[in-house]
Structures are given as structure tokens and as C-alpha cells.
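Close look at the chain arrangement
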Amino acid sequence: MTEHSETMIAQTERYSAHNYKPLPVVIAEGAGCWVTDVDGKRYLDMLSAYSALNQGHRHPRIIGAMKQQLERVTLTSRAFYNDQMGGLCEDLVALTGLDRVLPMNSGAEGVETALKAARKWGYEVKKVAANQAEIIVFSGNFHGRTISIVSFSTEPQNQAGFGPLTPGFRVVPFGDITALEAAITANTVGVLIEPIQGEGGVIMPPEGFLRDVRALCTKHRVLMINDEIQVGLGRTGRMFCYEHEDAKPDLLILGKALGGGLYPVSAVIGIEEVMAVFRPGDHGSTFGGNPLACAVARESLRVLKDERLAERAAEMGVYFRQRLVAMNSPHVEEVRGKGLLIGVQIKKSAGLAKPYCYAMMKEGILAKDTHEQVIRFAPPLVITQEELDWACERIERILCGAALHK
Ligand SMILES: *Cc1c(COP(=O)(O)O)cnc(C)c1O
């Protein structure tokens, strides 16, 4: 770290709230899979802003679409129509086979929107008694940071100091279909699920779990609500993670890469019966569905399709995982994941994942630990085999070197 970056870090720490603990790298530029810090040192970005950069940094086509829209109109509010939103909604309907779209901005807002939709559907369509609706979630979940969302987190830190919490949620163990069925009551309106838990440490449910959840939801007339904010849009080797098991949800939440790494865009896409519960005034957002967001999102989706990024994620993911396994590191407990969402679990005896991330940063690779023992690798889906080889050479040096206890 040089004086320049130290000054910027000190400034940030002095004037910002300390709700994050970043690695000490100050990024000034980015392109494709690479970022450059304020001192001109290059790093391979293997976090991709938690999968918001699936198309890579500053994709020229998405930049172009944004520039074009900047020259036309950027914000209308939903008090008026704009000439971009209809197109985005039609594109998302075509892509998913679902019926209607409600655009928002952040992922957490998308989740909140889906929860509101499920509750209202429960009262209006399923005829659950007033204020009795229950939504089932899974242990280890991560769906965002609003008060209602942290109300069903199982991570104590997410809730501590933020009460009173929102009622109406039930938690069952992730991957436990028996527990899920036992938790369903006449008041259950939805099951909110991450097909793979990203923040939870790249935790995959047992084979067939999604399909079983889908079947249970259908059987008990409960909405299956997929949070694919992190695992959707190509990350796991299919456009949507539910496609691996043909478990099409009733509500699908997208965010992150929907904005192509340029602009926050999220959306809930759902079946008619549920989306129809929203009437004018029920829900909204000043920036949700703005023309700049919609133009960016449309191009972000086109890039995913045209560059076959889901297929690339599948191919490169298999290659990367094989390379990681072949390293045979004495410090690694397990390598797991799907597509280009990969978790490397560090053995407890080899220390925490964090010092390994620090060591990688020094070697020019940016990745972040999650849940103490896991290094998450989620590079942009545009990454090439040569770039993965470059990374693996360095990752191997670190994972096969001395254990890093501090
Ligand atoms: C990132 C994330 C969210 C929250 O998205 P924000 O844009 O940070 O609000 C919700 N669910 C999952 C699975 C995520 O990865």
C-alpha cells in the first residue's frame, strides 16, 4: 500500500460510516475482468461486486446504451409512461415465461416487493385471514438489509440492535424438504429461496431440492419465490439457476447484473395471478422503471444472450473448479459451486479465509471471504481461460504455501 491509497482509505474511514470492512485496495479504473488501483497496480476482479458485474466492468455495449439514453431522457417517474420500460418488461417476460414485471432499484427492494406481492395474494386470492400470512425462509439466507428482511435472517449480527423485528416469517433448515413440508400451514403464502446461498458461503442444497420445493409449493398452494439476485443471469451456467432443475418459480427476483455493473436495477417477475394484486397506489418507487435503468437493463440482457455468457460460465466454471481441485491444497476442505460461483472452504486448522484473500490481493487477485472459512470466487462471466490460468498460478502458490493464520 502506498501513501496515495493510504490517504484515500483514511479519508473514507474518517468520513463514512463503518458498515463495511473492505480489503485495503483503492480502485480507480476498471475494464472487463480487470481493475486498476490509484497507484496503477492491476488486479483480476474475482468478486464482480457480488455478481453485479457478470458482463464485466464497463462493457462497451452497455456503456453505449447508457450514453444514448443519457442524451434522451433519464427520469420520468411512474407518473408518466416512458418509451423504455415497456420494452424491458416485455424482454423479461420473454426470457422467463412469466407474465408481468415490477421494476425497482436495489435487490432488497425487489425482495420487499415480492414479499408484499405474496402477502397480498395470500389475502386476496388464497383467502388467508387478515394479518395471518406466513412466509417460509431458510436458515443461512441472505436477502438484503431492510428491517423486514433482516427480521428473518439467521445471522445474529444482522438483527442485533435493529428490533423490533417484522413478524410473519418462519425459518427451516436449508435443504430439508421434510422440515419445509412440516412448516407449511393453511396460512403459508410463500417460500422464499436462494437456489444456491451465495452470502451464506456458496451453500448448495441437495440434488433435486428445488424441484421438490416446486412440487410442495404447487401441492399446498404456496408461492415459490426465487431470489436469483446473485445466482441468476448466467452466473451458475444457466440464465436462471432454477433451470438446472426445471423448478420455475411463481415469483422471480432479479437485481445485480440486471444493471450490467453500471446502474442499480432490480425487478420482480411473476405469474399473472400474483402480479394482478398490485393496483395503482399499492406500491412504487420514484426511480423504479426509469428510462435510464431500463435502457441499461435491456442492453445488459442482450449482452448476456449475444455473448452466450451463461454457457461460458458453465464451461469456464468446470475448468476453474477442476483446476482448484487439482491443486490438492492441504488447507482446503472442499471446492464447491456451479458455473462461475465457486466456494473454496478453508479447513479450520488452516486458519480463516480472510488472510488468504489478503495474500491473493498482493498477488493481484481480488476475492472476498464469506462466512469465515470460505473464499468466494465469482469472476465476470467474460473471463477467458488464459485469465483463469493466470489466476490459478497465483491461487495455487497461496493455497499450497504455508498456512496463513494471521
Ligand atoms: C445482493 C443480494 C441481495 C440484496 O441486493 P442489494 O442490491 O444489495 O439490496 C438480495 N438477495 C441476494 C441473494 C443477494 O445476493
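Sequence order sets the numbering: in each chain, residues are counted from 1 along the sequence as written. Side-chain atom pairs in this predicted model are given and counted only at pLDDT of 80 or more, local residue features only at pLDDT of at least 70, and totals for whole chains, interfaces and linings cover all residues. Only heavy atoms go into the side-chain values, all of them from the structure, while hydrogens and water stay out.

Structural notes on the pairing of strand β15 (residues 374–377)
In plain terms, the rule: The buried label applies to any residue whose accessible area, calculated with a 1.4 Å probe on protein chains only, is under 20% of its type's maximum; exposed applies above 50%, and partly exposed to all values in between. Here a helix means four or more residues in a row that DSSP labels H or I, a strand means two or more in a row labelled E, and each is numbered from the N terminus. Any two strands are treated as partners once DSSP identifies two or more bridges connecting them.
Side chains of β15 alternate between two faces, with V374 and R376 and I375 and F377 buried alike. Alignment of strand β12 (residues 341–346) against β15, held across four bridges, turns out to be antiparallel. From the neighbouring strand, V344 faces β15, where its bridge partner is I375. Strand direction decides the pairing type here: strand β14 (residues 368–370) and β15, joined by three bridges, are antiparallel. Across the sheet, residue K368 finds its bridge partner in β15, namely R376. A loop of three residues connects β14 with β15, the two strands running antiparallel in sequence, and H371 in this loop sits at a positive phi of about 50 degrees.

Details of the site of the ligand
Defined as follows: Each residue is tested against the molecule or strand, and it is near if at least one of its non-hydrogen atoms lies within 4 Å. Two N or O atoms form a polar contact when they lie within 3.5 Å of each other; inside protein one atom must be a possible hydrogen donor and the other a possible acceptor, and for residues adjacent in sequence the pair counts only when both atoms belong to side chains. We get accessible surface area from the Shrake-Rupley algorithm with a probe of 1.4 Å; when it comes to residues, only the shown protein chains can shield them. Each residue is assigned to one class: nonpolar for Ala, Val, Leu, Ile, Met, Phe, Trp, Tyr, Cys and Pro, charged for Asp, Glu, Lys and Arg, and polar for all the others, Gly among them.
The immediate surroundings of the ligand are formed by S106, G107, A108, F142, H143, G144, E194, D227, I229, Q230 and K256. The backbone of G107 places a nitrogen or oxygen atom 2.8 Å from an oxygen atom of the ligand. K256 places a polar side-chain atom, nitrogen or oxygen, 2.6 Å from an oxygen atom of the ligand. In the complex, 80% of the free accessible area of the ligand, which totals 380 Å², lies under the protein chains. Among the residues forming the shell around the ligand, the class breakdown is three nonpolar, five polar and three charged.

Topic: the nonpolar core
Short version of the rule: To form a nonpolar core, buried Ala, Val, Leu, Ile, Met, Phe, Trp, Tyr and Cys residues must be joined to one another through side-chain atoms within 4.5 Å. Segment limits for the domains were obtained from an automatic or database-derived domain assignment. Residue contacts are defined here by distance: any two heavy atoms, one from each residue, within 4.5 Å place the two residues in contact.
Counting 61 residues, the largest nonpolar core has M46, F320, I375, F377 and I395 as the members making the most contacts within it. The dominant element in this core, judged by the number of residues it contributes, is helix α11 (residues 291–306), at eight residues. Each of two domains, domain 1 (3–55 + 308–399) and domain 2 (60–306), supplies a minimum of three residues to this core. If we skip the residues at most four places from it in the chain, I395 touches M46, F320, L324, M327, M360, I365 and F377. Judged by nonpolar contacts, the second largest core, of 28 residues, contains A114, A133, V137 and F169.

A closer look at the domain arrangement of the protein
How we decide: By convention, the term buried area covers the 1.4 Å-probe accessible surface removed from two parts as they join, with the contributions of both added.
Per the domain assignment, the segments of the protein are domain 1 (3–55 + 308–399) and domain 2 (60–306). Computed from C-alpha coordinates alone, the two centres of domain 1 and domain 2 are separated by 26 Å. Contacts between the two partners involve 30 residues from domain 1 and, on the opposite side, 30 residues from domain 2. In total, domain 1 and domain 2 occlude about 2200 Å² of area from one another, counting both sides; carbon and sulfur atoms represent 56% of this.

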